[in-house]
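Chain by chain, the residues:
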Amino acid sequence: MFKEKFKAEVDNIKLPEKTKALVLDSMERAVLRQPIKIKVRRLKLTAAVAAMVAICLVAVSVFEIYNKYPQNMNVIKTPSGIIINDEPEANIDGLKRPANYDEVYELFDNSVIEFESDAVVDDGFTEEDAMSDETPQSAAQSNSANFSGGIGNKGDTEVGTNSTTQQKPTTNTVTTPETEFSETNTQVEGVDESDIVKTDGNYIYILKTATNKVVIAKPNNGKIIKTATLALTEQHLNGHYINYDEMYVNSNMLIAVGNTYSANGIPRAVADFYSLENPEAPKHINTLSQTGNVVSSRISNGVLYMFSTQNYSAFTVDKQNPKTYLPFISTKDKEEPILSSNIYLFGTEKDSSQTYLVSCSMKIKTAEFITAKAVMGGGEEIFTNEKSVYVVRKFLNQNNDDNSAIYKTKIVRFEIGKNGTLSPIAVGEVKGTVLNQFSMAESDDGYFRIVTTAQKRTGLKYNNLYILNSRLKLTGRIENLAPDEKIYSARLSGDIGYFVTYREVDPLFAVDLRNPNNPKILSKLKIPGFSNYLHPYGDGLLLGIGKDSNDRGLIKLSMFNVKDPKNVTQKHKKVLSETYATINKNHKAALISVSKNLIGFAVGYDAKYYLFSYSSKGFVQKAVLKSPSYFADYNRGLFIGNYLYLCSYEGIKSYNLTTLKPVDSVSFGI
Amino acid sequence: MFMFSALLIPVTEAPKNTKEVDLAAAFEAYCDMVYRLAFIRTGNVADAEDILSEVFLRLVKNKNKIDGDEHLKNWLIRVTINCSNTLFKRLKRRGEVELTENSGFDVIKEDAVLPAVLSLPENQKIIVYMYYYEGYSVEEIAGILGIPSGTVKSRLARARDKLKIKLSNEF
């Protein structure tokens, strides 16, 4: 019986003719593109020849660049008119600002370069592609609990943590005279994060990453009308195709964020701006970009802060072509390198590969750059509030005398100026690595808290909490916590911070953060399983969403009583018979409203969306609703007024929040 | 740079391999298989189409290295699994691949078995598909995936157990 049914249902999965034709077409083009393999034997350059060549090149290029891009530090508007405002600021410890592009180029010490023989011309595929075709990989490598969606996925650790302040739990609901609606579940109240589904209370915007379009639908008391489809900008500058991952709807503008990809060119982080004056016909304002791959972005007070990383190698750098060693910014038709005075280099480090953290701010309403800076060193995670941005990245501890941590984390602190300017202020470092953005927070009085998991060279893992001041100097710390465990979630704003470590059981630590010079562990609650995500849930309550055993275990909801941080208890828990939920690794996938007492998230691969509330008797499962996409990662839940809308790129399903009966269902075809 | 270009010494291209795969025929024969396998793994049409596209583009690149129909089928299955492993979604799009209404998933009946299969762990879904739909034997599956046949048997057994629970009346 099963076999017959299965066969019939799979037979139904038919490849549309249109798709067939498109794929065949792209195959034909690929055949035509296949280059003749050329064996290139390159000569070794002698130092003398190379030096002579270099001198000529330097003379020519310095002359050109110098004329084109004056190095005036106080420039308000650049020659091609891109930057509208910038502020000079002091140098910072440990970083040097070059006087001109020459000094930037000198990082790449390439007076003598030896090329490897038999280099094959790049035909657009990477070495990795070639190798993975040959080695048979067992389907066993991945399991359902580790199946990561496309958005915001990090490498090995995928668990997400969320932190809202104890004093002001973010419910992220906006109340207008007409209707209350929910917004993206973000880390810091007032600081927006990008996502695949957005609403402004009037319209629902859904990003179709597969086709670079945004579907705009008008909800009306549960009824849904698809009103428009916005086609985003497909190509940027030199014709590089853009892939959009997430978007913002903020300050009456829609901004789609993504990356250009090109086998031969430098990728760019792109922000495509549209005005929502008429939401049913958004108007394109501009497309801004900066070199590198997107690290992350935030919006605060009408300004978009975008961070990307780009590395350049001594082996591909070409003095004549500034694009091979300078970070660039661009609008839809103009581009130019970031001013040398806005590039921050490490004073003494000189190695063959340099990574820039390109840091820009853009005024949303006019789609114009405010600040464009680059700090050497790259970045992986960011924490942003209204005052600062902290960018962190891990690096290998190459000091062989120090066995305390294989990896350390470098921190760069930027200050946000009153006009949305970004100024690098300080750099610092701590042992270990962070889990994600929730491993960091800045207190109201400007102290930076960070929890890390470190590993000694012997293999022993241990966990730490560090507090640093506004110049990123260490003021307080607790090290060597929970040996052999790893951090799974954290919440560090407010007077009391919480974090969870796990190996077999899950200690939930409560730590007193009031004195930056002396943080103190107040309690340690040990329970089976762990929380991936922590969310304050009203007076004296902390919600945890995680697993009941290991990463493959069942999803578990916990409500902790944190009224007395010295005596934290687990008041209630609920274990579901599901093993996969996007919320375990992406905080934005949750709909949590303390005021409406709603906890919602999508699970698994069969279009289920769970809705809970919490009462003094425990978690109440209000409903399991049908979501528009099979796979949890593509679904988001939001409410406008008394209606719940489950949205994905495939469609929207609406439900009455009181009766939980379905009201309407709309499907987005093409 | 004129100095450098004068030093390039081109070599004539390698002689054509007469055993090259007939790409059009391969596509006709196996596009549905690759698509279905990708759909089973990713659970959605868009990713399945991305993977389909990528698999056959890799076939273009590797057409000289595949010998015979059996090898081709196995190669396609392995590459499809690899592609869905690396979660292809972030790579560049080559041309517009559009979703249509005929995906066949809006009309899932109450007693459908497909959702239950889709909800199995990754390593079991593939084996269920290959065994019950493609009709491969345990030995053949072991050979294609490069895992011991004992592993295939035990995964199949576990999948059957899970499906029994989910589909109570079907097994």
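Predicted model only: the values in this text are computed from it and were never measured.

Enquirer: Is there a simple way to think about the overall build of chain A in this case?
Expert: Helix and strand counts for chain A come out as five helices and 43 strands. Expressed as a percentage of its 670 residues, the buried residues of chain A come to 59%. A separation of at least 24 residues holds for 54% of the contacts in chain A among residues at least 6 apart in sequence. Only carbon and sulfur atoms are counted for the fraction: they give 49% of the accessible area of chain A, which is about 27000 Å².

Enquirer: I would appreciate a short explanation of a negative patch on the surface in the present structure.
Expert: Residue and element names in this part refer to chain B. Taken together, Asp 69, Glu 70, Glu 139 and Glu 140 make up a surface patch of like negative charges. At the level of elements, α4 (69-85) and α7 (138-145) are the ones that each hand at least two residues to the negative patch. Overall, the relative accessible area of 41% leaves Glu 140 in the partly exposed class.

Enquirer: So what exactly am I meant to see when it comes to the sheet that holds strand β34 (residues 555-561) of chain A here?
Expert: The strands that make up a sheet are held in pairs by hydrogen bonds between backbone atoms, and each pair lies either parallel or antiparallel. Residue and element names in this part refer to chain A. The antiparallel open sheet is built from four strands, whose spatial order is β32-β33-β34-β35. One side of each edge strand has no neighbouring strand; the edge strands of this open sheet are β32 (530-536) and β35 (569-575). Geometrically, the sheet is characterised by an average inter-axis angle of 25° between neighbouring strands, direction not taken into account. When strand β33 (residues 541-547) meets β34, the two strands line up antiparallel, connected through seven bridges. Opposite Gly 546, over in β34, you have Lys 556 as the bridge partner.

Enquirer: Help me understand the environment of A:Tyr407 in this model?
Expert: Residue and element names in this part refer to chain A. Along the chain, Tyr 407 turns up in strand β22 (residues 407-416). By relative accessible area, Tyr 407 is classed as partly exposed at 35%. Each residue touching Tyr 407, except ones within four places of it in the same chain, is listed here: Lys 394, Phe 395, Leu 396, Asn 397, Lys 431, Gly 432 and Thr 433.

Enquirer: Is there a simple way to explain the pairing of strand β27 (residues 474-481) of chain A in this structure?
Expert: For a regular strand, the rule is simple: side chains alternate between the two faces of the sheet. Residue and element names in this part refer to chain A. Looking at chain direction, strand β26 (residues 461-468) and β27 are connected through five bridges and run antiparallel. Opposite Tyr 466, over in β27, you have Arg 477 as the bridge partner. If you look at the hairpin formed by β26 and β27, you'll find five residues sitting between the two strands, and Leu 472 has a positive phi there, around 60°.

Enquirer: What exactly am I supposed to notice about the environment of A:Pro516 here?
Expert: Residues and elements named next belong to chain A. In this structure, Pro 516 sits in the loop between β30 (505-512) and β31 (520-528). The sequence separation of Pro 516 and Ser 443 amounts to 73 residues, and the corresponding C-alpha distance is 9.6 Å. If near-sequence neighbours (up to four positions away) are discounted, Pro 516 is found in contact with Tyr 447, Ile 467, Thr 475 and Gly 476.

Enquirer: Quick question: what am I supposed to make of the nonpolar core here?
Expert: Generally speaking, a soluble globular protein has its nonpolar side chains buried in company with each other. A:Phe6, B:Phe56 and B:Leu76 are the most contacted members of the largest nonpolar core, which totals 100 residues. Broken down by element, the residue count for this core peaks at twelve residues, all from helix α2 (residues 23-42) of chain B. Lining this core are residues from two domains, each supplying at least three of them: domain 1 (21-88) and domain 2 (111-171) of chain B. What B:Phe56 contacts, discounting residues up to four positions off in sequence, is A:Val23, A:Met27, B:Ala26, B:Phe27, B:Tyr30, B:Cys31, B:Val34 and B:Leu76. The next biggest cluster of nonpolar side chains, apart from the first, holds 33 residues, and it includes A:Phe273, A:Leu288, A:Leu345 and A:Phe369.

Enquirer: Hey, could you run me through helix α3 (residues 45-61) of chain B in this one?
Expert: Along an α-helix, residues three or four positions apart point the same way, because every turn accommodates 3.6 residues. Taking 1.5 Å of rise per residue, 17 residues should cover 24 Å, and α3(B) covers 25 Å from first to last C-alpha, within 8% of that figure. Most of α3(B) is tucked away, with 16 of its 17 residues classed as buried.

Enquirer: I'm lost on the sheet that holds β31(A) in this one. Help?
Expert: Residues and elements named next belong to chain A. Read from one edge of the open sheet, four strands run β28-β29-β30-β31, paired in antiparallel fashion. Edge positions in the sheet fall to β28 (486-491) and β31, since each of these pairs with one other strand and no more. Neighbour-to-neighbour, the strand axes of the sheet open up by a mean angle of 20°, direction not taken into account. Pairing of β28 with strand β29 (residues 496-502) involves five bridges; the strand directions are antiparallel. The residue bridging Arg 491 from the neighbouring strand is Tyr 498, located in β29.

Enquirer: How do you make sense of the side chain of B:Ser119 when you look at a structure like this?
Expert: Mapping B:Ser119 onto the fold places it in the loop between α5 (114-118) and α6 (122-133). Separated by 2.8 Å, the side chain of B:Ser119 and the backbone oxygen of B:Ala116 make a polar contact. When neighbours within four sequence positions are excluded, B:Ser119 is seen to be in contact with A:Tyr605, A:Asp606 and B:Lys166.

Enquirer: In this structure, what is going on with the packing of α7(B) against helix α8 (residues 149-166) of chain B? I would like to understand it.
Expert: Between two packed helices, the angle of one axis relative to the other and the distance separating the axes together describe the packing. Residue and element names in this part refer to chain B. Packing of α7 against α8 leaves a shortest axis separation of 8 Å and a crossing angle of 115°. As the angle between them shows, α7 and α8 are arranged roughly perpendicular. Helix-helix and strand crossings are classified by hand; for α7 and α8 the assignment is right-handed. The residues of α8 that touch α7, namely those facing Val 138, Glu 139, Ile 141 and Ala 142, are Ser 149, Val 152, Lys 153 and Leu 156.

Enquirer: Just to check I follow, could you spell out the confidence of the model for chain A for this structure?
Expert: Residues and elements named next belong to chain A. Put simply, chain A has an average pLDDT of 80, and 78% of its residues get 70 or more. Taken element by element, chain A is modelled with least confidence in helix α5 (residues 127-134), mean pLDDT 33, and with most confidence in strand β4 (residues 197-199), mean pLDDT 97. This model gives residues 110-171 a pLDDT under 50, and the stretch forms 171 contacts once residues within four places in sequence are excluded.

Enquirer: For this particular structure, what's the right way to read the pattern of salt bridges?
Expert: Between side chains of opposite charge, pairing is possible as soon as their charged atoms come close. Residue and element names in this part refer to chain A. Following the criterion strictly, the structure yields 24 salt bridges over all chains and no others. Of the charged contacts in the structure, one is a salt bridge between Glu 442 and Lys 387, with a shortest N-O distance of 3.4 Å. One end of the pair, Glu 442, is in strand β24 (residues 440-442); the other, Lys 387, is in the loop between β20 (381-384) and β21 (388-396), and 55 residues separate them in sequence. Using a relative accessible area of 6% as the deciding quantity, one classes Glu 442 as buried. In this structure Lys 387 comes out as partly exposed when scored by relative accessible area, which is 37%. Two residues, Lys 563 and Asp 539, come together in a salt bridge whose shortest N-O distance is 3.0 Å. Of this pair, Lys 563 sits in the loop between β34 and β35 while Asp 539 is found in the loop between β32 and β33, placing the two residues 24 residues apart along the sequence.

What counts, and where the lines are drawn
Residues numbered from 1 in each chain as written. Chains lettered and ligands numbered in written order. Predicted model: local features only at pLDDT ≥ 70, side-chain atom pairs only at ≥ 80, totals over all residues. Heavy atoms only, no water. Helix = DSSP H or I, 4+ residues; strand = E, 2+ residues; numbered from the N terminus. Buried < 20%, exposed > 50% of the residue type's maximum accessible area, 1.4 Å probe, protein only. Contact = heavy atoms within 4.5 Å. Areas by Shrake-Rupley, 256 points an atom, 1.4 Å probe, with all protein chains shown as cover. Patch = residues over 30% accessible without salt bridge, like charges linked within 9 Å, V, L, I, M, F, W, Y side chains within 5 Å. Salt bridge = Lys/Arg side-chain N within 4 Å of Asp/Glu carboxyl O. Lys, Arg positive; Asp, Glu negative; His and termini not counted. Charge placed at Lys NZ, Arg CZ, Asp CG, Glu CD. Pairing = 2+ DSSP bridges. Axes fitted to C-alpha atoms, helices over the stretch in contact; angles between N-to-C directions. Core = buried A, V, L, I, M, F, W, Y, C linked by side-chain atoms within 4.5 Å. Domains from an automatic or database assignment. Expected span 1.5 Å × (residues − 1). Polar contact = N/O pair within 3.5 Å; in protein donor to acceptor, adjacent residues only side chain to side chain. Parallel < 35°, antiparallel > 145°, perpendicular 65-115°, else oblique. Left-handed = near helix turned anticlockwise from the far one by under 90°. pLDDT = per-residue confidence, 0-100.

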